[in-house]
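Each chain, written out:
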Amino acid sequence: MILQRMKNMRTAVIFIAALSLCASVYASREDIQRERPGKLFSPSKIPLLEDSGRDAWQKPDEILNALGIKKGQTVADIGAGSGYLTVKLSERVGEGGAVFAEDIQQEMLDYMNKRLTEKGIKNVTLVLGAMDDPKLPSNSLDVAILLSTYHEIAQPIDFIKKIKRALKPQGRLAILEFSDESPIGPPIQVRLPEELVIHEAQKAGFTLSQRHTFLMPYQYFLIFSPYP
């Protein structure tokens, strides 16, 4: 009986401690002063984008598998940066497919152009977008991907409305962003709560179709479908 009581007390203490920890984490999140938009990723930091260890946590193949990217599709890498994901998309869609690599920094596109030329990649179209418009062709995309880009957009609802126009009726939008808990990524004040991204996408005419919470250790992964 005494042993049982001790076990019950130990369980209660652990439970209370867990609740206190959760409350503390929640409070600290609420205290964060969010800033929007985040600063653009500088071309001078391209080596960070191309770090040899990135695949281990970014898991690009798993991302493309989850999105069902296949031969012959047309996809967009929005905020493509150095082309880290663009090259992988190019390989996945093949010669019969097409990739739009969009960025608003000409230096990024210049770097990417050199990279694609060296690799002999010919199914990628570079697009110099604007902060308020990705400038993608209407009704052309099977999938649009924003990989660690959404937090840099000043007017996200208007921006993804324009992405919606670029999607085919059955197209999908993928948004991946760093969580508050991630030990790497942009400053905590420019990271966006998952619920906020979902809310804004809904206001832009999308519905959440999939949410991958355990695929990657540092980011959340949301997939949206447009509704009429």
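So, a few notes on the structure that sits alongside this text. (Residues numbered from 1 in each chain as written. Predicted model: local features only at pLDDT ≥ 70, side-chain atom pairs only at ≥ 80, totals over all residues. Heavy atoms only, no water.)

### Focus: the packing of aromatic side chains
Applying the stated criterion to the full structure yields two aromatic pairs. Where tryptophan 57 meets phenylalanine 178, the ring centres are 5.7 Å apart and the plane angle is 45°; that geometry is what we call tilted. A residue pair is termed long-range when its members are at least 10 positions apart, and tryptophan 57 in helix H3 (residues 54-58) and phenylalanine 178 in strand S5 (residues 167-178) qualify at 121 residues. Aromatic pair tryptophan 57 and tyrosine 218: ring centres 5.7 Å apart, planes at 55°, arrangement tilted. (Phe/Tyr/Trp six-rings, centres within 6.5 Å; stacked < 30°, edge-to-face > 60°. Helix = DSSP H or I, 4+ residues; strand = E, 2+ residues; numbered from the N terminus.)

### Topic: the sheet that holds S5
Strands sit in the order S3-S2-S1-S4-S5-S7-S6 across an open sheet of seven strands; the sheet is mixed. Unpaired on one side and paired on the other, strand S3 (124-128) and strand S6 (206-212) mark the two borders of the sheet. Ignoring strand direction, the axes of neighbouring strands in this sheet form an average angle of 20°. Two strands pair when backbone bridges link them, and strand S4 (residues 141-147) and S5 are joined in this way by six bridges, in the parallel orientation. Pairing of valine 143 across the sheet is with arginine 172, part of S5. In this fold helix H5 (residues 84-93) packs onto strand S1 (74-78), strand S2 (98-103), S3 and S4, with an angle of close to 165° to the strand it touches most, S2. In the packing of helix H7 (residues 156-166) onto the sheet, the strands contacted are S1, S4, S5, S6 and strand S7 (219-226), and the crossing angle to S5 comes to about 140°. (Pairing = 2+ DSSP bridges. Axes fitted to C-alpha atoms, helices over the stretch in contact; angles between N-to-C directions. Contact = heavy atoms within 4.5 Å.)

### Describing the side chain of glutamine 58
By the element assignment, glutamine 58 lies in helix H3. Looking at glutamine 58, its side chain comes within polar contact range of the side chain of glutamine 219, at 2.7 Å. (Polar contact = N/O pair within 3.5 Å; in protein donor to acceptor, adjacent residues only side chain to side chain.)

### Notes on the layout of surface pockets
Put simply, the largest pocket is a space of about 1000 Å³. As for the largest pocket, its lining consists of 43 residues, and the residues nearest its centre are Phe41, Leu49, Ser148, His151 and Glu152. The set of elements that each furnish at least two residues to the lining of the largest pocket consists of helix H2 (46-49), H3, S1, H5 and S2. Top contributing element to the lining of the largest pocket by residue count: H3, with three residues. Taken together, the residues of the lining of the largest pocket sort by class into 22 nonpolar, 12 polar and nine charged. (1 Å grid on protein atoms, 1.4 Å probe; cavity = no way out; pocket = protein on both sides within 12 Å on 5 of 7 lines; lining within 4 Å. Points joined across faces, edges and corners; volume = space filled by probe spheres on them. Nonpolar A, V, L, I, M, F, W, Y, C, P; charged D, E, K, R; others polar.)

### Quick word on the environment of glutamine 105
Its location among the elements puts glutamine 105 in the loop between S2 and helix H6 (106-119). Spatially, the C-alpha atom of glutamine 105 lies 8.8 Å from that of alanine 130, the residues being 25 residues apart in sequence. Residues contacting glutamine 105, with those up to four places away along its chain left out, are Leu40, Phe41, Pro43 and Leu128. Separated by 2.9 Å, the side chain of glutamine 105 and the backbone oxygen of phenylalanine 41 make a polar contact.

### Considering the pairing of S4
In terms of burial, S4 is largely enclosed, as seven of its seven residues are buried. Remark: the S4/H7/S5 crossover connection has right-handed handedness. (Buried < 20%, exposed > 50% of the residue type's maximum accessible area, 1.4 Å probe, protein only. Right-handed = clockwise from strand over helix to strand, strands pointing away.)

### Description of the packing of helix H4 (residues 60-67) against H5
The N-to-C vectors of H4 and H5 enclose an angle of 50°; their axes lie 11 Å apart at closest approach. The angle between the axes of H4 and H5 places the two elements in the oblique class. Both H4 and H5 take part in a crossing whose hand is right-handed. Touching Pro60, Asp61, Leu64 and Asn65 of H4 are Tyr84, Leu85, Lys88, Leu89 and Arg92, all from H5. (Parallel < 35°, antiparallel > 145°, perpendicular 65-115°, else oblique. Left-handed = near helix turned anticlockwise from the far one by under 90°.)

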